[in-house]
Protein chains: 2
Amino acid sequence: MSYILAVDGGGTQCRAAIAALDGTILGRATAGSANMATDPQGAMASVVDAARAALAAGGIAETPLSSIHAYLGLAGANVEPDHSSLIAGLPFRDTRIVEDSVIAVRGALGPNDGVMAVLGTGSVYGGRRDGKMLRAGGWGFVVGDQGSGARLGRALMEQTLLAYDGVVPESELTRSVMRDYGDDPNRIVAFGTTARPADFARYAPLVFEAADRGDAIAMAVVAGAVADVNAALGAIVWDGCQHLCLTGGLAPNYEHRLAETFLRILKPVRGNALAGAVELAVETFASPQA
Amino acid sequence: MSYILAVDGGGTQCRAAIAALDGTILGRATAGSANMATDPQGAMASVVDAARAALAAGGIAETPLSSIHAYLGLAGANVEPDHSSLIAGLPFRDTRIVEDSVIAVRGALGPNDGVMAVLGTGSVYGGRRDGKMLRAGGWGFVVGDQGSGARLGRALMEQTLLAYDGVVPESELTRSVMRDYGDDPNRIVAFGTTARPADFARYAPLVFEAADRGDAIAMAVVAGAVADVNAALGAIVWDGCQHLCLTGGLAPNYEHRLAETFLRILKPVRGNALAGAVELAVETFASPQA
């Protein structure tokens, strides 16, 4: 009996599913981080850990790893494209390694061509057109990640300080931020200097809520972010593209704000990256010769 | 015989001048950092070092410190406004401590009311109106310092990555930045993640030069920065203000780009912060009772 191992591996953890050759999931598990850019050997160890745990969760712990077809979507897999020596060190029957964006796009879009936008703490765009993967953004909030939660939060802090200085009119939202920092702009600066993306992004929902209430500063920040997202989509969505989906924590905030041309092709996300890895594993391994 | 000590103290060093009571400078010297926010005792020690060195440079090393009138413009002096115990520990005849912006504004504007904009690696605005000090900006490049070299450099990196992704059209300038980073956007991200303000600011002159050549990206970045500087000036320059001066490394780049209303009142910088400290010291101490 032969099984499929599908893995969605990232910098925080890797998630694994064991499935039958028809894609029916039998067991799931998580293990440690699996980032190929920073620690390829550690990534392989996490994958094997996750495989064993998923087999156990599926009640088939005795299955030899050498009978497993492994399909691994791993962060950073694009950095060093030749994975043959890593694969040779793995215990599986055969192994395919792809970048995590490949399984995320497959999960979100299914087998369709299209584009997905991930709008959360960061922002990144992926897609597939005629079998070719598309990608844009994802450069981090210091010099990129336009429209992300981190950028929205950073913009709110900037506008709050401009309002403090009288450069822009203060709003209910900037007054509330000032109050949170004891009306001391130096405390906002201290926060901003050490804030990680997730710290800034904590403010993003407040910005959207305030924009919905008509707060002028929030509306301006959101308008800038929406323009940035529309511009990025304009670069990756091609004429005739029929499928766009948004994922990430801020997706519900952006959905109804997109330009009409994108709203027309907006479709729900089909599944997550792990589901995409399972689908791709079935396509890759469940042929007569597998 | 009584002398004046004027000090311009900052996070990097403190500069001192010994002058006669009429303001004639007799000796100059520098010593270590004098930041009241981070190390008030160390700042006092640097001031005394600088005083001794300036007396020696003026050939009057034997002058007792207890005969000196000290006027100290020190970074961070606004953080803890009561300086009486620090002053009591100093060896001078009498001591006045003010924020460094006070002496910078006096140096740039002389005894006139007006506004100064410091446009360099960072950006900050100061001024004086009817004896009252004005201040805006200077919050650092993460959430402030609009129009600064650091913000211009960061914006260039952001636009270069957007051009790489096809979100904005590339330009000669973005192509040249990409070449500098081996056409690898990840290297730009790595630079941006660790870059200090001065690292980003190194690109600012290139941005202005490219804008002068008609580079579309550079022109857009400069236009945004000029709009930010005009907005900040709009908040601090009052109706009827007759005196504006720009200082800092980027001042020559902004001078001719300001809004007409600011161009009309633009005047050359009279002197630096140390010269301002000398002038204020003379006003403070060179009266009959001093």
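Residues numbered from 1 in each chain as written. Chains lettered and ligands numbered in written order. Predicted model: local features only at pLDDT ≥ 70, side-chain atom pairs only at ≥ 80, totals over all residues. Heavy atoms only, no water.

- As recorded in an unreviewed UniProt entry, chain A goes by the name BadF/BadG/BcrA/BcrD ATPase family protein, listed as coming from Neoaquamicrobium sediminum.

## A few points about the sheet that holds strand 8 (residues 132–137) of chain A
All names here are of chain A.
Thinking step 1. Taken in spatial order, the 4 strands line up as 8-7-6-9 in an open sheet, and their pairing is mixed. In this open sheet, the two strands that pair with only one neighbour each are strand 8 and strand 9 (244–247). Put simply, the sheet's adjacent strands are angled 15° from each other on average, direction ignored.
Thinking step 2. Where strand 6 (residues 114–119) and strand 9 come together, 4 bridges link them in parallel fashion. (Pairing = 2+ DSSP bridges. Helix = DSSP H or I, 4+ residues; strand = E, 2+ residues; numbered from the N terminus. Axes fitted to C-alpha atoms, helices over the stretch in contact; angles between N-to-C directions.)

## Section: unusual backbone geometry
All names here are of chain B.
Thinking step 1. Located in the positive-phi region is Asp130, a residue other than glycine, with phi close to 50°.
Thinking step 2. By secondary structure assignment, the location of Asp130 is in the loop between strand 7 (123–129) and strand 8 (132–137).
Thinking step 3. Residues other than glycine seldom take positive phi values, yet Asp183 does so here, at roughly 55°.
Thinking step 4. Along the chain, Asp183 turns up in the loop between helix 5 (172–180) and helix 6 (185–194).

## Considering the packing of helix 3 (residues 100–109) of chain A against helix 12 (residues 273–285) of chain A
All names here are of chain A.
Thinking step 1. Two numbers describe how helix 3 lies on helix 12: the axes approach to 7 Å, and their chain directions differ by 95°. Relative to helix 12, helix 3 is oriented roughly perpendicular. Note on element contacts: helix 12 touches helix 3 through Ala273, Gly276, Ala277, Glu279, Leu280 and Glu283, opposite Val102, Ile103, Ala104, Arg106 and Gly107. (Parallel < 35°, antiparallel > 145°, perpendicular 65-115°, else oblique. Contact = heavy atoms within 4.5 Å.)

## Regarding the relation of the copies chain A and chain B
Thinking step 1. Least-squares fitting of chain A to chain B yields an RMSD of 0.0 Å, with the superposition described by an axial translation of 0.1 Å and a rotation of 180°. Look at the turn and shift together and you get a two-fold axis relating the two. Relative to the rotation axis, the C-alpha of Val142(A) is the closest in chain A, positioned 4.2 Å from it.
Thinking step 2. With an isologous cut-off of 70% or more, the 100% of interface residues of chain A that recur at the interface of chain B puts this contact in the isologous class. (Least-squares fit on C-alpha atoms with pLDDT ≥ 70 in both.)

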